[in-house]
Amino acid sequence: MITHVVMFTLADSDDVAEAVQRLEAMSGQIPGLAHITAGADQNRGPAAHDVVLVTRHEDAAALQAYAEHPVHQEVIAWLKPRWTQRAVVDTEDLAF
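A quick note: this is a predicted structure, and the numbers were derived from the prediction, not measured.

Colleague: Can you walk me through the nonpolar core in this structure?
Modeller: With 23 residues, the main nonpolar core has Phe8, Leu10, Leu23, Met26, Val51, Leu53 and Leu79 as its most contacted residues. Going through the elements one at a time, β1 (2–10), α1 (16–24), β2 (33–40), β3 (51–57), α2 (60–68) and α3 (70–79) are the ones with two or more residues in this core. Sorting elements by how many residues they give to this core places α3 first, with five residues. Setting aside anything within four residues of it in sequence, one finds Phe8 in contact with Leu23, His49, Asp50, Val51, Leu53, Leu79, Trp83, Gln85 and Arg86.

So this is what it looks like as structure tokens:
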């Protein structure tokens, strides 16, 4: 399994709830996407991001297919102009 973690800082905090909703709405729509969860930050510290996304994929090919899938691309098209920072980690070593 590949775990894909993305953290976003958004320009407008009013977009956080909709971002979480749009990310989680991908559940069940993309083959090879085994698990997805998203949430809003509760920390509010100087190193914090506003939103986190965690997805699990069957393998690297499934992660690539997810990245290219039209449902994912639609969410990215909405998010990209709203984020000011983004951090990504993909790992095989994270266990749940």
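Colleague: So what exactly am I meant to see when it comes to the pattern of salt bridges here?
Modeller: Between side chains of opposite charge, pairing is possible as soon as their charged atoms come close. Per the counting criterion, the structure on display carries four salt bridges. In this structure, Arg82 and Asp15 form a salt bridge, with 3.7 Å as the shortest nitrogen-oxygen distance. One end of the pair, Arg82, is in the loop between α3 and β4 (83–91); the other, Asp15, is in the loop between β1 and α1, with 67 residues separating them in the sequence. Across the pair Asp41 and Arg44 runs a salt bridge whose closest N-O atoms are separated by 3.6 Å.

Colleague: Explain the layout of surface pockets to me, please; I cannot follow it from the model alone.
Modeller: Reported here for the largest pocket is a volume of approximately 170 Å³. Along its surface, the largest pocket is lined by 15 residues, and His4, Tyr66, Ala67, His72 and Arg86 are the ones closest to its centre. Elements with a minimum of two residues in the lining of the largest pocket: β1, α2, α3 and β4. By residue number, the principal contributor to the lining of the largest pocket is α2, which donates four residues. Taken together, the residues of the lining of the largest pocket sort by class into ten nonpolar, three polar and two charged.

Criteria and cut-off values
Residues numbered from 1 in each chain as written. Predicted model: local features only at pLDDT ≥ 70, side-chain atom pairs only at ≥ 80, totals over all residues. Heavy atoms only, no water. Core = buried A, V, L, I, M, F, W, Y, C linked by side-chain atoms within 4.5 Å. Buried < 20%, exposed > 50% of the residue type's maximum accessible area, 1.4 Å probe, protein only. Helix = DSSP H or I, 4+ residues; strand = E, 2+ residues; numbered from the N terminus. Contact = heavy atoms within 4.5 Å. Salt bridge = Lys/Arg side-chain N within 4 Å of Asp/Glu carboxyl O. 1 Å grid on protein atoms, 1.4 Å probe; cavity = no way out; pocket = protein on both sides within 12 Å on 5 of 7 lines; lining within 4 Å. Points joined across faces, edges and corners; volume = space filled by probe spheres on them. Nonpolar A, V, L, I, M, F, W, Y, C, P; charged D, E, K, R; others polar.

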